[in-house]
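Tertiary structure, described
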Amino acid sequence: DIDHQKADWVSIHEQICQLLIPVRTSLPFLLSEKESKHGTEQLVKRQKYIIDLAYSTAQQFLWDGKHNEAIPAALHALRFSTEVYGSNSVHLVPAYLLLAEASAGAGHLPQASKYLSQAQWIVLRTPDCSVAVQYKLHRSLGLFHAAEGNFEQALYHLANDIYLASSTFGLKSIETSGGYFHMANVFFRQNKMDVANSLYAKVTDIWHAFLVKSVQVQEQILKARPETSPFTEDKEVVEDRMTEAQQAEAIRVLNAVLDVREQAPKQEPGETARVLHALAMLYYLIMDLSKAREVGMKAFDLVKQLPGQESLEAIGHVLKLINSEPPC
């Protein structure tokens, strides 16, 4: 209907409208075999471009909490993935997981369940399915059952998520930290605060270590800047910068942990300071200097009140980096 057409236009169609013309136009009938092969290759290339664009657009809407807007874009990603790879290909699973997350976020749990069932069926019938796809499926299933209030099933799938992610990326990887974070949220909802706090601390430690390394890389780039040409500098910055997905996850996760720490009946200033320190580094890396300065100062003031002040120098160093940057 008209409302769905408007939603589709706002979500993705405006971006891909012109791209659909060559994709939907049939190839001329009288073509040589070489021309036909070239035309088919170009068609697939255009379709894959639309898949990537639709997927990234849907993902961005989800990061912004706009679940209804994400659904049409994710549907386009699924539709074109089906055309390129076939209806039973594992390449369809990311689109199904996006649709499930968007549907659950929009309150359409039965529809989310259907998308997850389809993704699960494809993974089960794909013996060589990658671990990266499997752990994301278990994470999506865990989040779905948590939304239903079925905490036992949620913890089962999140445990599988953590096991699979850690077996490939390591126990202290940011890929694994997502499973810890969502499991902590389930225990938090069950009011099992000792377990939840332990997992939140683990999530903080993983992101803190990752961001310390990222800041060190950024410092090396800044030091090397006068010795490199503008062309090599750009390449290095792009290669070493956090991805957009990592930035979005870090902002969401660390702010959620900070809210838990600040609202807890029993305050743990050391843990709160560690989250604030991580956020200061994160905002510095994405050049949100006002926020970086704000949370950095809060971390600095908290650490000054603690008996052991080992992290005071590290936070002070981050504040020095923040203040050395020209205002954006």
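Because the structure is a prediction, the values reported are computed rather than measured.

1. A few points about the overall build of the chain
Across its full length, the chain carries 14 helices and 0 strands. Sequence-ordered secondary structure for the chain, helices as α and strands as β, is α-α-α-α-α-α-α-α-α-α-α-α-α-α. Here the chain holds 328 residues, and the buried ones make up 42% of them. Considering only contacts in the chain between residues 6 or more positions apart, those separated by 24 or more positions represent 63%. Split by element, the accessible area of the chain, about 18,300 Å² in all, is 55% carbon and sulfur.

2. Quick notes on the environment of Phe210
Along the polypeptide, Phe210 turns up in helix H9 (residues 193–224). Excluding its chain neighbours within four sequence positions, the residues that come into contact with Phe210 are Ile174, Met242 and Gln246.

3. Some words on the confidence of the model for the chain
Looking at the chain, pLDDT values average 85 and 82% of them are 70 or higher. Low pLDDT, under 50, characterises residues 229–239; the stretch is placed with 4 contacts to residues that sit more than four places away or in other chains.

4. Side note on the nonpolar core
The biggest cluster of nonpolar side chains holds 51 residues, and the ones touching the most others in it are Trp207, Leu211, Leu254, Leu279 and Tyr284. Among the elements that take part in this core, helix H12 (residues 269–285) stands out by supplying 11 residues, more than any other. Grouped together as the second largest cluster of nonpolar side chains are 30 residues, Ala112, Leu116, Val123 and Cys129 included.

5. Let's talk about the pattern of salt bridges
The final tally for this structure, using the stated rule, is 6 salt bridges. What you see here is one network of salt bridges that share partners, running through Arg261, Glu268 and Glu271.

6. Remarks on helix H14 (residues 312–324)
For an α-helix, 3.6 residues make a turn, and residues three or four places apart therefore share a direction. Taking 1.5 Å per residue, 13 residues should reach 18 Å; H14 reaches 18 Å between its end C-alpha atoms and fits that length. Within H14, burial applies to Leu312, Ile315, Val318, Leu319, Leu321 and Ile322. Residues of H14 that are buried sit in contact with H9, H12 and helix H13 (289–304).

Cut-offs and rules
- Position numbers for residues start from 1 in each chain and track the written sequence from start to end.
- Restriction of local features to residues with pLDDT of at least 70 applies here, the model being predicted, together with a cutoff of 80 or more for giving and counting side-chain atom pairs; totals for whole chains, interfaces and linings are based on all residues.
- Side-chain measures here rest on the full set of heavy atoms in the structure, leaving out hydrogens and waters.
- Under the scheme used here, helices are H or I runs from DSSP no shorter than 4 residues and strands are E runs no shorter than 2 residues, and both carry numbers assigned from the N terminus.
- Using a 1.4 Å probe on the protein chains alone, a residue whose accessible area is under 20% of its type maximum counts as buried, one over 50% counts as exposed, and one in between counts as partly exposed.
- Contacts are assigned to residue pairs that have any heavy atoms within 4.5 Å of one another.
- Areas reported as accessible are Shrake-Rupley estimates using a 1.4 Å probe. Residue values count occlusion only from the protein chains shown.
- What pLDDT reports is the predictor's confidence in each residue, on a scale of 0 through 100.
- What makes a nonpolar core is a set of buried Ala, Val, Leu, Ile, Met, Phe, Trp, Tyr and Cys residues whose side-chain atoms join them at distances within 4.5 Å.
- Counted as salt bridges are all cases of a side-chain nitrogen of Lys or Arg within 4 Å of a carboxyl oxygen of Asp or Glu.
- A helix is expected to span 1.5 Å multiplied by its residue count minus one.

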